[in-house]
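Residue-level listing of the chains:
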Amino acid sequence: MRKYILAALCLLMTVPVWTQEKKKRDLGKLNGSIETSWGWYINDPSLSTPLTRKYGTNTYVNLGYTIKGFRAGLQYDIYEPPMLGYDIPEGNGLKGFFAGWSDSKWDITAGTFYEQFGSGLLFRAYEQRDMGINTSVLGANVKWRPLPWISTKVMAGLPRRYMEMFNTSIVYGADLELSLLEPIVPETDAVLTVAGSWLMRDDKTSDRIEGAPATVNSFSGRLGFSKGAFSLSGEYVHKGKSYGIDPRQTVFAFVKPGQALLLNLDITLPRVGITAVWRSIENMSLYQDDSNSPTLNLNYIPSLTRQHKYTLFQLYPHQVHDYGGETGGSIDITGNIPVGGNPRRPLKYSVNGSVFWDMEADDTGYRFMSTGGELLWAEVYLELEKKWGPDWKTILAMGWQRKPEVSRFGLGKMDMNTVSAAADVLWQISSRYSLRMEVQHAWSDFFDDQGWMMGMLEFGIAPGFMFYVSDMINYRTYATTNTHYYDIGVSYAWKFLRTSLSWGRHRAGETCSGGICRYVPEYTGMNASLSIIL
C-alpha cells in the first residue's frame, strides 16, 4: 500500500514544473492533491474495548487538468485498512473520474460528479472525508442557464456505495430555479426565487427486500425572498412510497410515502444577527437501494443543532431520528455590545437554543409537524468573547442540554440533563508566539458519568507551528475506574502543505461534522496526517 502513496507523491512533485512549462504555451493547467491520514493503535489495559486492528489509513489522491472551458480529473482512494471509526470496506481503487466543459450558459459533466437540489432534503451527492462519506454519481450532469434569472439542472447516473464501484440502482433528477424579480425590476436589491425538483430512484438490485418498490418518485418545491437585512425561505419535499422501518410500530417494516418541511429566517442588523430554522421530517430516509446489503442515503438530513467547538459540549450530540421522524428547530442570536471603553473591542455574544421532538405515531401512522412526541433534544447555550487589548482575548461559554440516553452499563434509559462550562484564554506573547489555555467542566445526572473535566494548553509559533497537550477525565462515573483521555500533538502549515502528528487515548462516542455523526470506538495510539495541494 505504501507504493501507492509514494507514487502519488512523486506524481504531485512533477505538477509545479509541468504547469510552469505549459503556461508559456497556454496548454492548460495541471493540478493535484494528496490527503493521507494514518492511525497506529496499541493494546491499552485501561480500556475495555478489544483492539480490532493495529493500524489504518484513509488516503485520497486527486489529479486534475483544466484548459479554457474544459476540465478533467481523477480520484484514487486507499483504505488499507480504514482507520478506526470508519465503516468502509478495506480496499483501494480509482473511484472518481470525469470530464467536463462549461461556458457562460452551459456546464456539462460526464463521469463522476457531485450535485445537490435545494437544501439536500431531496437529493445530495457529496463527499465528506472526515465522516467517511462519498455518494458521488457516475453518469451525466447538465446545467443550463439560458438567462441570468433561469437556472436548470438535469442529471442521471449510478450512485457510489462505499468501495464498490457504483450501485446498480439508477437515479434520475431535474431542478429548475427562477429569480422572478430580476427580469421585472432589475434595479431592485430584493430577490424572489421559486424552484422545483424531481428525483426518481430505480432500484435494480437483485436482492431487493420483498415488497419494497423498485421505483420511488419524489418532488420538492422551494420559495425564497430576501431584501437588505431580511431573508426568508422554505422548502417542502414529498417522497414517494418506499421501504422503511420503525421499531415503535406494530408493523416493524412498512411501505409508506414521506414528507418534509424546512423553514429558514435570517435577519442581519448593525449590532445583532438572528438565524432561525424549523424542520419537520416524516419517513424521509431515501436509500440508494432497498437490498439486504448496507447502503447509503441519496438525500442529506443533518442535525440542525449547534456545532460546538468545545469537547465537553459535544459528549452526547443530537442525532436525527431518521426512522419515523422528528420536528423541531433552533435559533441563533449573535451580536456585540460596546463595553470596556474601546468601540473597536466590543463584547461579542452568541446565544443559541434548540429543541426537537419525536414525531407522534400510532398504528395508523405519523402526525406530520406534531410536537407532542417524546423530547429528543433541548439545548440552551451562551458564549461571550472579549478582546482586552492587542495581547489578550477571553471566551466564556455555558450550556444546558437534555436528551434521552441509554446506559452502557445496562442501567436503563433516562432523560439526561448536562450542564457544561468552558473558559478559553489567549495570550499573544509577540507577533510570533502565542499561548492559549482552555478549561472545561460538565455536570450530568446520567447514570454512567456524572462529572467530566478537561484542560488544554496550546502554544503557537508563527507562521506554521502549533503544539498542544490536553487531558480529559470522567472523575465521577459508574465505572470501576476513572479514565484519563490524554492527547499530545503538533501541527504545521505552510503554503500548500498541512501536516499533524499526535499521540493519545481517545474516548468512545459520536464525532460529528456538519450535522452528520459517526461512532468512534475508544482506542490508544498515534494519528498522523499529511495534505499537499498543488
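Our subject is the structure that appears above.
So, here's what we can say about the structure. For clarity, every value in this text was computed on a predicted model and none was experimentally measured. (Residues numbered from 1 in each chain as written. Predicted model: local features only at pLDDT ≥ 70, side-chain atom pairs only at ≥ 80, totals over all residues. Heavy atoms only, no water.)

## Quick notes on the overall build of the protein
The number of helices and strands found in the protein is two helices and 32 strands. Whereas a compact globule of 534 residues would reach a radius of gyration of roughly 24 Å, the protein reaches 25 Å, a difference of no more than 12%. Over its C-alpha atoms, taken along the principal directions, the protein stretches across nearly 70 × 60 × 55 Å. Summarising the internal contacts of the protein: among those between residues at least 6 apart in sequence, 57% fall at separations of at least 24. Counting every atom, the protein has about 26100 Å² of accessible surface; 62% of that belongs to carbon and sulfur. Taking the average location of the 52 positive side-chain charges in the protein and that of its 53 negative ones, the two points are 8 Å from each other. (Helix = DSSP H or I, 4+ residues; strand = E, 2+ residues; numbered from the N terminus. Rg over C-alpha atoms; globule rule 2.2 N^0.38 Å. Contact = heavy atoms within 4.5 Å. Areas by Shrake-Rupley, 256 points an atom, 1.4 Å probe, with all protein chains shown as cover. Lys, Arg positive; Asp, Glu negative; His and termini not counted. Charge placed at Lys NZ, Arg CZ, Asp CG, Glu CD.)

## Brief notes about a nonpolar patch on the surface
The grouping of Ile42, Met437, Val439, Leu457, Val469, Ile488 and Trp503 at the surface amounts to a nonpolar patch, some 580 Å² of accessible area in total. Relative to the helices and strands, Val469 is located in strand S27 (residues 465-477). (Patch = residues over 30% accessible without salt bridge, like charges linked within 9 Å, V, L, I, M, F, W, Y side chains within 5 Å. Salt bridge = Lys/Arg side-chain N within 4 Å of Asp/Glu carboxyl O.)

## Quick word on the packing of aromatic side chains
Pairs of aromatic rings are described using the distance from one ring centre to the other and the angle between the two planes. In total, this model carries 17 aromatic pairs according to the counting rule given. Ring geometry for Trp494 and Phe496: centres 5.6 Å apart, planes at 65°, overall edge-to-face. Among the residues examined, Phe496 registers a relative accessible area of 34% and is labelled partly exposed. Grouping aromatic residues by their ring pairs yields a cluster made of Tyr310, Phe313 and Tyr381. When the ring centre of Trp388 is taken as origin, the NZ or CZ atom of Lys386, which lies over that ring, is 5.6 Å away. (Phe/Tyr/Trp six-rings, centres within 6.5 Å; stacked < 30°, edge-to-face > 60°. Buried < 20%, exposed > 50% of the residue type's maximum accessible area, 1.4 Å probe, protein only. Lys NZ or Arg CZ within 6 Å of the ring centre and 35° of its normal.)

## Quick notes on the state of the cysteines
A full pass over the atoms with the stated rule returns one disulfide. Shown here is the disulfide that connects Cys512 with Cys517, its sulfur atoms set 2.0 Å apart. Across the disulfide from Cys512 to Cys517, rotation about the S-S bond amounts to roughly 100°, and the bridge is consequently right-handed. Taking the relative accessible area as the measure of exposure, Cys517 reaches 21% and is therefore partly exposed. (Disulfide = S-S within 2.5 Å.)

## A few points about the nonpolar core
By size, the foremost hydrophobic cluster in this structure holds 24 residues, and its most contacted members are Leu121, Phe123, Met155 and Ile281. Looking at this core, the elements with two or more residues in it are strand S7 (123-125), strand S16 (253-268) and strand S17 (272-282). In contact with Phe123, other than residues within four places in its own chain, are Glu115, Gln116, Phe117, Val137, Met155, Leu199, Leu298 and Asn299. Leu47, Tyr316, Met416 and Tyr485 belong to the second largest nonpolar core, which has twelve residues in total. (Core = buried A, V, L, I, M, F, W, Y, C linked by side-chain atoms within 4.5 Å.)

## Notes on the pattern of salt bridges
A full pass over the atoms with the stated rule returns 27 salt bridges. A salt bridge links Arg505 to Asp44, with the shortest nitrogen-to-oxygen separation between them at 2.8 Å. With a gap of 461 residues between them, Arg505 in strand S29 (residues 497-506) and Asp44 in the loop between strand S1 (29-42) and strand S2 (55-67) connect regions that are remote in the sequence. Taking relative accessible area as the criterion, Arg505 reaches 12% and is therefore assigned buried. The class for Asp44 is buried, based on a relative accessible area of 13%. For Arg201, the salt bridge is made with Asp290, and the minimal N-O distance between the two is 3.1 Å. Here Asp290 lies in the loop between S17 and strand S18 (325-337) and Arg201 lies in strand S13 (residues 191-202), a separation of 89 residues in the sequence. For the pair Arg201 and Asp290, one class covers both residues: buried. Here the salt bridges do not stand alone but share partners, grouping Arg306, Lys309, Asp332 and Glu383 into one network.

## Section: unusual backbone geometry
A negative phi angle characterises most non-glycine residues, just as the trans form characterises most peptide bonds. Here the bond from Glu80 into Pro81 is cis, since omega is -15°, no more than 30 degrees from zero. Mapping Pro81 onto the fold places it in the loop between strand S3 (70-79) and strand S4 (91-102). Here Ala462 and Pro463 are connected by a cis peptide whose omega angle stands at 10°. Considering the arrangement of structural elements, one finds Pro463 in the loop between strand S26 (449-461) and S27. Phi angles above zero are rare outside glycine, and Met369 is one such case at about 70°. Relative to the assigned elements, Met369 resides in the loop between strand S21 (365-366) and strand S22 (375-387). Positive phi, close to 50°, is recorded for Lys495, a residue that is not glycine. As for its position among the elements, Lys495 is in the loop between strand S28 (484-494) and S29.

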